[in-house]
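Observations on the model geometry
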Amino acid sequence: VGDQASAADLGKVVQCVDGRFDLIVDDGSHALSDYVFSATTLWPALAPRGFYIIEDVLREHLDATLVVAKLATAHVIIPSSFPYACAVLLEKGRDA
């Protein structure tokens, strides 16, 4: 358990997996600043061709979230059953 807005806590998580993730799912605080911080902090530890998913992104935060996606191919998943939020799937390139 840790704070997704803490570089130290996120660093401990990265150390636990020897510095490489194939998949990261952000189901954290849902605060824009927290998931942008987490994504930019953890992105270097994501393996080439890995996926980073941010779930429950409020529609009004989508544009700001896609700024994080400038390093990736972004896919936005908008479920019709919950029209106020969506998920963002970021796919890291194989050369990234």
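Report follows, based on the coordinates. Remember, predicted model here, so these are calculated numbers, not experimental data.

The rules behind each value
Residues numbered from 1 in each chain as written. Predicted model: local features only at pLDDT ≥ 70, side-chain atom pairs only at ≥ 80, totals over all residues. Heavy atoms only, no water. Core = buried A, V, L, I, M, F, W, Y, C linked by side-chain atoms within 4.5 Å. Buried < 20%, exposed > 50% of the residue type's maximum accessible area, 1.4 Å probe, protein only. Helix = DSSP H or I, 4+ residues; strand = E, 2+ residues; numbered from the N terminus. Contact = heavy atoms within 4.5 Å. Polar contact = N/O pair within 3.5 Å; in protein donor to acceptor, adjacent residues only side chain to side chain. 1 Å grid on protein atoms, 1.4 Å probe; cavity = no way out; pocket = protein on both sides within 12 Å on 5 of 7 lines; lining within 4 Å. Points joined across faces, edges and corners; volume = space filled by probe spheres on them. Nonpolar A, V, L, I, M, F, W, Y, C, P; charged D, E, K, R; others polar. Patch = residues over 30% accessible without salt bridge, like charges linked within 9 Å, V, L, I, M, F, W, Y side chains within 5 Å. Areas by Shrake-Rupley, 256 points an atom, 1.4 Å probe, with all protein chains shown as cover. Salt bridge = Lys/Arg side-chain N within 4 Å of Asp/Glu carboxyl O.

What to know about the nonpolar core
In terms of nonpolar packing, the biggest core is built from 17 residues, with Phe-21, Ile-24, Leu-42, Leu-46, Tyr-52 and Val-57 touching the most fellow members. Among the elements that make up this core, the one with the highest residue count is strand 2 (residues 46–58) (four residues). Sequence-distant contacts of Ile-24, defined by excluding residues within four places in its chain, comprise Leu-42, Leu-46, Phe-51, Tyr-52 and Ile-53.

Here's the deal with the side chain of Lys-92
Among the structural elements, Lys-92 can be located in the segment after strand 4 (85–91). Reaching out from Lys-92, the side chain makes a polar contact with the backbone oxygen of Trp-43 at a distance of 3.0 Å. Residues within four places of Lys-92 in sequence aside, it is in contact with Trp-43, Pro-44, Leu-46, Ala-47, Pro-48, Arg-49 and Gly-50.

Considering the layout of surface pockets
Computed from the structure, the largest pocket encloses a volume of approximately 280 Å³. Around the largest pocket, the lining comprises 16 residues; the ones closest to its centre are Gln-4, Leu-10, Val-13, Val-25 and Leu-42. Broken down by secondary-structure element, the contributors of at least two residues to the lining of the largest pocket are helix 1 (7–16), strand 1 (21–26) and helix 2 (32–42). For the lining of the largest pocket, the leading source of residues is strand 1, giving five residues. Classifying every residue of the lining of the largest pocket by side-chain character gives eight nonpolar, four polar and four charged.

What to know about a nonpolar patch on the surface
On the surface, Leu-23, Val-25 and Phe-51 cluster together into a nonpolar patch covering about 260 Å² of accessible area. Tracing the backbone through its elements, the reader meets Leu-23 in strand 1. The exposure class assigned to Leu-23 is partly exposed, which follows from its relative accessible area of 47%.

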